[in-house]
Amino acid sequence: MSVFDIILTILTIIGSLGVFLYGMILMSESLQKVAGKRLRGVLSSITSSDFRGVMTGLTITGAIQSSSATTVMIVSFVNAGLLSLRRALSLIMGANIGTTVTAWIIVLLGFGKTFSIMNIILPLVAISLPLLFAGKNRQRSWAEFIIGFAILFLGLQFLKTNIPFVDEHSAFVQGFRDLIGFGFYSVLLFVGIGILLTMIFQSSSAMIALTFVIAVDGWIPYDIAAAMVLGENIGTTVTANIAALVANRSAKRAALFHFLFNLTGVLWMLILFRYFLQGIDILLTNTTGNSPHSSPESIPLALAIFHTVFNVINTAIFFMLLPLAERAMKKLIPDSLRKGKERFLLRHIESSYLSTSELSIVQAKKEISFMAGLVRKMFGMVPVFLMEKEDKPYEKLFKKIRKYEGIIDRIEVEINTYVSRISESKLSDTGTEEVRKMLKVIDELESIGDACQKMTMNIYRKNKENIYFVQVIRDRLQQMFALVDEALFIMAENLGHTENINLVDAMALERKINKLRDEINAEHAENLKQGTYDFKAGMVFSDLIHHCEKIGDHAINISETLQD
């Protein structure tokens, strides 16, 4: 075999794996689009029991065929404050059982002699075509799911047909035998190979499919294939830990648990490895008459049993120790002793890693709600700044308001970037509409921050020029400040509870603000005429009232956008 043939063979195997992986991604994303809001609701409402959390993690992972996607969702939800750490741990354990479903699908449909999935791949694509050109996104998503299913098994078939034939004298077999001939050290070596390959391809399911194929084709024996499966369990934890790198502490704890859960499971399994494989061998020999040690066709079934039983037992062990595991994660990643360190960082999202598009919407909403809280806090400083007479607190408050303006601008850019990236992903109709609303809300919140900054500069100019506000101006401003603050409170409440928008009170306050503005404007001309206050004071006063009314407009715009 020439060097060119070897390179071509390697590229063909990687390409076949890529087809398998693309089919899996297409299945996962299309199912998430179909499930959309319901999937977000299921994950965010897992509060009743640990067992329900395990079963939910199992079901979701089995459905979307990606434990990495599920664990990234879980880490994202913990980061967004929608899941407690305890419930996230139970979901992660269930996801590990759910990922074994892939192996069983491959065994039942991909390796059977009596039924070949290749016979129905093209009919499946044909069935999906009318849905693919349908007018509704939901129907197109179902078509993509069916096509993804077909592509997945097409990739598996490519793997089976493109793995080169090997015999006991070939260089491939000799090379593997050189690695296999070290007893238990070889088991450890192939655990490491499984970890490395899964980290590279970011899919334990794809690597399990590859393991099945090379084991059936005689590249590696049954016990070495089982060792690779163990490594793939650890390798799949990398994705969630990447997602948690810049997340909050609770999300980091969930991701760390995912790694330690699988690592600990692999360690105890390695102690019992030989006896465990012997037990599966005896089971298959007695039930099917074939041993995976002597019959390569039995290896996929043996590995599927091994993978499932291992994860079920590991989950059962950790399920009993769940309270202890939760405390251990908090010990390993303790709360910061330096309060305020993360005060003005994004709390619920990070722009470098986007989780599944539909679920990213939840994190973005939580971050927008956090931004609204900062905006309201910034506005609350304006009346205090107006009344402050002491030089030192006055200068400190002026710098603080300007700092908030910079923080809000940075957050606005980061959330906008994140939401824009979500909009580039495949979304359901509902998800697309929610993204549109979020972009509008972000713009309105940033405008409120700008208005607060302008009011601060008006007050600063007033004091620099020694402009004096008479009592009537101060009283009217306090009335307006109180109404606007109440409007911002209702706006923030609506952002935090988008399922129940209080538009009635929001609109009532908008009318009160407009009515007070009209009264002040009517009085303003008369007060200037009578000399109640001078022209300069009147100009600053009029500007402050104008900006307050604009903030009220932005607040009602946000509530109306949420209500649509």
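Located above this text is the structure these notes cover.
To start, this report covers the structure provided alongside it.

### Here we look at the environment of Lys-331
Structurally, Lys-331 can be placed in helix H17 (residues 322–332). Overall, Lys-331 belongs to the exposed group, its relative accessible area being 71%. Between the C-alpha atom of Lys-331 and that of Arg-253, which follows or precedes it by 78 residues, the distance is 9.6 Å.

### Comments concerning the packing of helix H12 (residues 222–235) against helix H16 (residues 299–320)
Two packed helices can be described by the angle between their axes and the distance between those axes. Where H12 contacts H16, the axes come no closer than 10 Å and their chain directions differ by 40°. Put simply, H12 runs oblique to H16. In this structure, the crossing between H12 and H16 has a hand that is right-handed. Of the residues in H16, those in contact with Tyr-222, Ala-225, Ala-226, Val-229, Leu-230 and Asn-233 of H12 are Ile-299, Ala-302, Leu-303, Phe-306, His-307, Phe-310 and Asn-311. Tallied by class, the residues present in the contact of H12 with H16 amount to ten nonpolar, three polar and no charged.

### Re the pattern of salt bridges
Inspection of every chain in the model, using the stated rule, returns 13 salt bridges. Across the salt bridge formed by Asp-485 and Arg-376, the nearest N and O atoms sit 3.4 Å from each other. Note that Asp-485 is positioned in helix H21 (residues 471–496) and Arg-376 in helix H18 (residues 357–387), a separation of 109 residues in sequence. Relative accessible area serves as the criterion here: at 28%, Arg-376 is assigned to the partly exposed category. Ionic pairing is found between Glu-523 and Arg-476, a salt bridge with its closest N-O pair at 2.4 Å. Here Glu-523, found in helix H22 (residues 503–530), pairs with Arg-476, found in helix H21; they are 47 residues apart in sequence, far enough to count as distant. For Glu-523, a relative accessible area of 28% puts it in the partly exposed group. Here the residues in one salt-bridge network are Asp-50, Arg-86, Arg-87, Glu-326 and Lys-330, joined through shared partners.

### So, a positive patch on the surface
Side chains of Lys-377, Lys-392, Lys-396, Lys-400, Lys-403 and Arg-410 sit close together on the surface and give a patch of like positive charge. Element by element, the count of residues in the positive patch is highest for helix H19 (residues 391–424), at five residues. For Lys-377, a relative accessible area of 39% corresponds to the partly exposed category.

Rules used in this analysis
Residues numbered from 1 in each chain as written. Predicted model: local features only at pLDDT ≥ 70, side-chain atom pairs only at ≥ 80, totals over all residues. Heavy atoms only, no water. Helix = DSSP H or I, 4+ residues; strand = E, 2+ residues; numbered from the N terminus. Buried < 20%, exposed > 50% of the residue type's maximum accessible area, 1.4 Å probe, protein only. Axes fitted to C-alpha atoms, helices over the stretch in contact; angles between N-to-C directions. Parallel < 35°, antiparallel > 145°, perpendicular 65-115°, else oblique. Left-handed = near helix turned anticlockwise from the far one by under 90°. Contact = heavy atoms within 4.5 Å. Nonpolar A, V, L, I, M, F, W, Y, C, P; charged D, E, K, R; others polar. Salt bridge = Lys/Arg side-chain N within 4 Å of Asp/Glu carboxyl O. Patch = residues over 30% accessible without salt bridge, like charges linked within 9 Å, V, L, I, M, F, W, Y side chains within 5 Å. Areas by Shrake-Rupley, 256 points an atom, 1.4 Å probe, with all protein chains shown as cover. Lys, Arg positive; Asp, Glu negative; His and termini not counted. Charge placed at Lys NZ, Arg CZ, Asp CG, Glu CD.

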